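# Secondary and tertiary structure notes
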Amino acid sequence: MTTIDAPRAPYRRSRATRSNFELYSWLFMRGSGVLLIALIFGHLFVNLVTGEGIKQVDFAFIAGKWTNPFWQTWDLLMLWLAELHGVNGVRTIINDYAEKDTTRIVLKTLLALSAALVMFLGTLVIFTFDPCPAGAPSDLVPSVCTTK
């Protein structure tokens, strides 16, 4: 039979914890949130405020940006930080609301697999994107492409 401690008894840990994972997770959420704000507002400023605004955003605009390693890195950082930030938040929700250990393990495994898939595919798209597809009309490709 389980005994209940007196209401004013000091808190005793049920097991010894040797990691500060939750502390580092909390710190990551704050740091990534601040960095994401800077990355997202920079992204919005370049895409929507400079130049012709929303009218300039088309295939050629994005293709032209992704020929530059700076913008590839910028978008990769946005993708990875947003994905990890969101996964960390959902992981916390799973820990708070999943009552059974098996449910918690299954949900966190599915979360990790889906996050890894999205990060892999997103990274693949960013770095294998061809700004000069064969047979594309010359008015739709960026100026970096040379037509033959």
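Residues numbered from 1 in each chain as written. Predicted model: local features only at pLDDT ≥ 70, side-chain atom pairs only at ≥ 80, totals over all residues. Heavy atoms only, no water.

## What about the overall build of the protein chain?
Counted only if it meets this: Every helix listed is a DSSP run of H or I at least four residues long, and every strand listed is a run of E at least two residues long, numbered separately from the N terminus. With C-alpha atoms as the basis for the radius of gyration, the globule rule is written as 2.2 Å multiplied by the number of residues raised to the power 0.38.
Check the secondary structure of the protein chain and you find 4 helices and 0 strands. When the helices and strands of the protein chain are listed from N to C terminus, the series reads α-α-α-α. Taking 15 Å as the expected radius of gyration for a compact globule of 148 residues, we find that the protein chain reaches 23 Å, considerably beyond that expectation. When its C-alpha atoms are laid out on the principal axes, the protein chain stretches across 85 × 30 × 25 Å.

## Quick look at the nonpolar core
What counts, and what does not: Here, nonpolar core means buried Ala, Val, Leu, Ile, Met, Phe, Trp, Tyr and Cys residues that are tied together by side-chain atoms lying within 4.5 Å of each other. Only protein chains enter the accessibility calculation, which uses a 1.4 Å probe; a residue whose area is less than 20% of its type maximum is buried, one above 50% is exposed, and one in between is partly exposed. Contacts are assigned to residue pairs with any non-hydrogen atoms lying within 4.5 Å of each other.
One finds Leu 36, Leu 39, Trp 71, Trp 74, Met 78 and Leu 81 forming the largest nonpolar core, which totals 6 residues. For this core, the element with the highest residue contribution is helix α3 (residues 69-97), accounting for 4 residues. Those residues within four positions of Trp 74 in sequence are excluded, and the remaining contacts are Ala 38, Leu 39, Gly 42 and His 43. If you look at the next biggest cluster of nonpolar residues, it comprises 5 residues, including Val 87, Ala 98, Leu 111 and Ala 115.

## Describing the side chain of Asn 88
To be explicit about the condition: We define a polar contact as two N or O atoms separated by no more than 3.5 Å, with the added condition that, inside protein, one atom must be a possible hydrogen donor and the other a possible acceptor, whereas residues neighbouring each other in sequence contribute only through side-chain atom pairs.
Residue placement: Asn 88 occurs in helix α3. At 2.9 Å, the side chain of Asn 88 and the side chain of Arg 91 are in polar contact.

## Digging into the pattern of salt bridges
For clarity, the threshold we go by: Any carboxyl oxygen of Asp or Glu that lies within 4 Å of a side-chain nitrogen of Lys or Arg is treated as forming a salt bridge with it.
Applying the stated criterion across every chain, the model contains 2 salt bridges. Here Arg 91 makes a salt bridge to Glu 22, at a shortest N to O gap of 3.0 Å. With Arg 91 in helix α3 and Glu 22 in helix α1 (residues 21-49), this pair connects stretches of sequence that are 69 residues apart.

## Observations concerning α3
Note the following rule: Expected helix span is computed as 1.5 Å times (number of residues minus one).
Over its 29 residues, α3 extends 42 Å from the first C-alpha to the last, a length consistent with the 42 Å expected when each residue adds 1.5 Å. Along α3, the positions that sit buried rather than exposed are Trp 71, Gln 72, Trp 74, Asp 75, Leu 76, Met 78, Leu 81, Glu 83, Val 87, Asn 88, Arg 91 and Ile 94. Elements that come into contact with the buried residues of α3 comprise α1, α2 (59-65) and α4 (101-128). If you check the start of α3, you find a side-chain oxygen 2.9 Å away from the backbone N of Phe 70, and it comes from Asn 68.

## Describing the packing of α1 against α3
Angle between the axes and distance between the axes are the two parameters that describe a pair of packed helices. To keep it simple, the criterion reads: With axes taken as lines fitted to C-alpha atoms, and helix axes fitted only over the stretch in contact, angles between N-to-C directions fall between 0 and 180 degrees. For classification purposes, angles smaller than 35 degrees are called roughly parallel, those larger than 145 roughly antiparallel, those between 65 and 115 roughly perpendicular, and all remaining angles oblique. Crossing handedness: left-handed means the near helix sits turned counterclockwise from the far one by under a right angle, and right-handed means the same turn made clockwise. Only Asp, Glu, Lys and Arg are considered charged, only Ala, Val, Leu, Ile, Met, Phe, Trp, Tyr, Cys and Pro nonpolar, and every remaining residue, Gly among them, polar.
Across the interface, α1 lies against α3 with an axial gap of 9 Å and an inter-helix angle of 140 degrees. In terms of their interaxial angle, α1 and α3 are classed as oblique. The chirality of how α1 crosses α3 is left-handed. Among the residues forming the contact of α1 with α3, the class breakdown is 16 nonpolar, 9 polar and 3 charged.

## A few points about a nonpolar patch on the surface
The following threshold applies: Residues forming no salt bridge and having over 30% relative accessible area are the ones grouped into patches, like charges within 9 Å of each other and nonpolar side chains (Val, Leu, Ile, Met, Phe, Trp, Tyr) within 5 Å. The Shrake-Rupley method, run with a 1.4 Å probe, gives the accessible areas here. Residue values count only the displayed protein chains as cover.
Residues Ile 37, Ile 40, Phe 41, Leu 44, Phe 45, Leu 48, Val 49, Ile 54 and Val 57 make up a contiguous nonpolar surface patch of roughly 840 Å² in combined accessible area. Topologically, Ile 40 is positioned in helix α1. Accessibility expressed as a relative area gives 38% for Ile 40, which makes it partly exposed.

## Considerations on the packing of aromatic side chains
Two numbers describe a pair of aromatic rings. These are the distance of the centres and the angle of the planes. Keep this limit in mind: Geometry of aromatic contacts follows a simple scheme: Phe, Tyr and Trp rings, the Trp one being its six-membered ring, pair when their centres are within 6.5 Å, and the pair is stacked under 30 degrees between planes, edge-to-face over 60, tilted otherwise. Should the NZ of a Lys or the CZ of an Arg lie within 6 Å of a ring centre and within 35 degrees of the ring normal, that charge is described as sitting over the ring.
With the rule as written, the count across this model stands at 5 aromatic pairs. Each ring, one from Trp 66 and one from Phe 129, has its centre 5.2 Å from the other, and the planes form 85 degrees; the classification is edge-to-face. Here Phe 129 lies in the segment after α4 and Trp 66 lies in the loop between α2 and α3, a separation of 63 residues in the sequence. Over the ring of Trp 71 we find Lys 65, and its NZ or CZ is 4.6 Å from the ring centre.

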